[in-house]
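Listed here are the chains, written in short residue letters.
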Amino acid sequence: MQPEIKDTLGRALRDLRISLTDRCNFRCTYCMPKSIFGREYQFLPKEQLLTFEEITRLVKIFASLGTQKLRLTGGEPLLRKDVEILISQLAQIPEVADFALTSNGSSPIKRVQELKDAGLRRMTISLDSLDNKVFQEMNDVDFPVSRVVEWIDKVVEVGMTPVKINMVVKRGVNEDSILPMAKHFDQPDTILRFIEYMDVGSSNGWRLDDVLTAKEILNMIHKEMPIEPLKANYVGEVAKRWRFKESGNEFGVIASVSQPFCGDCTRARLSADGSLYTCLFAIQGHDLKSLLRSGASDNEVSESIANVWKKRSDHYSEVRSSKTDDLPKVEMSFIGG
Ligand code: SAM
Ligand code: SF4
Ligand code: SF4
């Protein structure tokens, strides 16, 4: 193992999020709006995606540089054919202490057990409302909420707990769903996380006015269900931890817009086509796929990653302003949410 590498702001390379595909069967209005991701949209052709062997090789190299936390995401990662094979390869990398996958919970329910058997340890499921009408309007493909709830129940049943539930909150769209979600997921096996709507990509028409801040969300909950803060589990934890006073059950808020946490950001992202991004809001990636396919050795790839990381100075959320509004950005489904 090499000595830990740090970026220009002293941040280590601890987490890696990998987008397995830029495709998705949902068209969440805040992520892949139909107006942009319509029938004509050109997704990546298969040969441009990293293969499972390439991903596994890269994760081993990242692990040797200090990466301990791995997330598979997308797009919808469970649309990637035979993903269980990849999971079983990655689950064997000893340095990866924390290994999870983020999904919209729309695949056939039998896959939950298959994913567990392949070695997946935990899952995050996205769910923006328990109200079917609101949920269907947000996923914009009429996917019924009951199927996602069933999926979450199954993940709990097979013991991949705690299951994190991601709820993106958009003002005027699903704020009435905050309390019903808080009540439903006030249970020991799930950790609901309220996420401030972010200005990722250039297609979701983001406006600051649409962001319901963490403070507003917490006030809304506290009026009905008294809450109190909890200590962070570790430095760099994205979600601020809270608990419901009565039950003691945990929930969280991800306040990337109103309370940015770039100072502790140890996350790198690998896009579906094998480029390394050092920030969710990065404009440009570093092409690792070509390097792999040109026959570079593990040492050469490792050096290239380390060089990118050592030059990293990203802190977009801390400088977000009217000046950043018009900057081109990469879509979340491509870079990995
Ligand atoms: N398709 C999977 C899913 O939805 O869980 C994984 C990929 S998705 C891009 C990862 C996470 O990003 C989801 O929890 C989603 O709600 C969140 N997300 C997408 N667009 C967002 C936005 N504009 N602001 C905040 N979170 C967003
Ligand atoms: Fe698909 Fe996830 Fe984006 Fe929704 S948030 S469109 S489920 S990638
Ligand atoms: Fe990390 Fe970039 Fe998000 Fe800041 S804006 S927390 S640097 S991904």
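A brief structural summary. Worth saying up front: this structure is predicted, and the values here are computed from it rather than measured.

### Comments concerning the overall build of the protein
Counting secondary structure elements, the protein contains eleven helices and twelve strands. For 337 residues, the compact-globule formula gives about 20 Å, and the C-alpha radius of gyration of the protein, at 19 Å, lands near that figure. In terms of overall dimensions, the protein has a C-alpha envelope of 60 × 45 × 45 Å along the principal axes. Restricting to contacts in the protein with at least 6 residues of sequence separation, those with at least 24 account for 74%. Taking the average place of the 46 positive charges on the side chains of the protein and the average place of its 48 negative ones, the gap between the two points comes to 2 Å.

### Observations concerning the site of ligand 2
The immediate surroundings of ligand 2 are formed by C24, F26, C28, C31, M32, G75 and N104. Within the shell around ligand 2, the residues separate by chemical class into five nonpolar, two polar and no charged.

### Concerning the packing of aromatic side chains
Going through the model one piece at a time under the given rule, you end up with eight aromatic pairs. Measuring from ring centre to ring centre gives 4.6 Å for F37 and Y41, while their planes differ by 45°; the resulting arrangement is tilted. Linked through ring pairs, F26, F135 and F143 together constitute an aromatic cluster.

### Focus on the site of ligand 1
Taken together, 20 residues sit near ligand 1, with G75, S126, N166, V168 and M198 positioned nearest. A distance of 3.0 Å separates a nitrogen atom of ligand 1 from a polar atom in the backbone of G75. Here an oxygen atom of ligand 1 sits 3.2 Å away from a polar atom, N or O, in the main chain of S103. Coverage of ligand 1 by the protein chains reaches 95% of its 550 Å² of free accessible surface. Broken down by class, the residue content of the shell around ligand 1 amounts to eight nonpolar, ten polar and two charged.

### As for the environment of R122
Its place among the elements puts R122 in strand β4 (residues 122-126). In sequence terms R122 and T102 are 20 residues apart; their C-alpha atoms lie 9.0 Å from each other. Excluding anything up to four places from it in sequence, R122 contacts R71, D98, F99, A100, L101, M160, T161, P162 and K164. Within the structure, the side chain of R122 is placed 3.1 Å from the side chain of D98, a separation counted as a polar contact.

### Notes on the pattern of salt bridges
Enumeration over the complete set of coordinates arrives at 19 salt bridges. Measuring nitrogen to oxygen at the nearest pair gives 3.1 Å for the salt bridge that ties R122 to D98. Separated by 24 residues along the polypeptide, R122 in strand β4 and D98 in strand β3 (residues 98-103) bring together distant segments of the chain. Salt bridges sharing partners connect three or more residues here, namely D7, R11, R312 and D314.

### Here's the deal with the environment of L120
Here L120 lies in the loop between α3 (111-118) and β4. Overall, the relative accessible area of 4% leaves L120 in the buried class. Distance from L120 to A100, taken between C-alpha atoms, is 6.3 Å for residues 20 residues apart in sequence. Apart from residues no more than four positions distant in its own chain, L120 is found in contact with I87, F99, A100, L101, L115 and M160.

### Brief notes about the packing of helix α1 (residues 52-64) against helix α9 (residues 298-310)
Taken N-terminus to C-terminus, the directions of α1 and α9 make an angle of 65°; their axes are 10 Å apart at the nearest point. Crossing geometry of α1 relative to α9 is assigned as right-handed. Judged by residue contacts, R57, L58, I61 and F62 of α1 engage D298, V301, S302 and I305 from α9. Within the contact of α1 with α9, the residues separate by chemical class into five nonpolar, one polar and two charged.

### Regarding the sheet that holds strand β8 (residues 240-244)
Think of a sheet as strands paired side by side through backbone hydrogen bonds, with each pair either parallel or antiparallel. Taken in spatial order, the twelve strands line up as β7-β8-β9-β6-β5-β4-β3-β2-β1-β10-β11-β12 in an open sheet, and their pairing is mixed. Among the strands making up the open sheet, the edge pair consists of β7 (227-229) and β12 (286-287). Relative to strand β2 (residues 69-73), strand β1 (residues 15-19) is paired through five bridges, and the arrangement is parallel. Its bridge partner lying in β2, L16 is registered against L70. Where α1 meets the sheet, it contacts β1, β2, β10 (267-270) and β11 (275-277), and its direction lies at approximately 165° from that of β1.

The rules behind the values
Residues numbered from 1 in each chain as written. Chains lettered and ligands numbered in written order. Predicted model: local features only at pLDDT ≥ 70, side-chain atom pairs only at ≥ 80, totals over all residues. Heavy atoms only, no water. Helix = DSSP H or I, 4+ residues; strand = E, 2+ residues; numbered from the N terminus. Rg over C-alpha atoms; globule rule 2.2 N^0.38 Å. Contact = heavy atoms within 4.5 Å. Lys, Arg positive; Asp, Glu negative; His and termini not counted. Charge placed at Lys NZ, Arg CZ, Asp CG, Glu CD. Near = heavy atom within 4 Å. Nonpolar A, V, L, I, M, F, W, Y, C, P; charged D, E, K, R; others polar. Phe/Tyr/Trp six-rings, centres within 6.5 Å; stacked < 30°, edge-to-face > 60°. Polar contact = N/O pair within 3.5 Å; in protein donor to acceptor, adjacent residues only side chain to side chain. Areas by Shrake-Rupley, 256 points an atom, 1.4 Å probe, with all protein chains shown as cover. Salt bridge = Lys/Arg side-chain N within 4 Å of Asp/Glu carboxyl O. Buried < 20%, exposed > 50% of the residue type's maximum accessible area, 1.4 Å probe, protein only. Axes fitted to C-alpha atoms, helices over the stretch in contact; angles between N-to-C directions. Left-handed = near helix turned anticlockwise from the far one by under 90°. Pairing = 2+ DSSP bridges.

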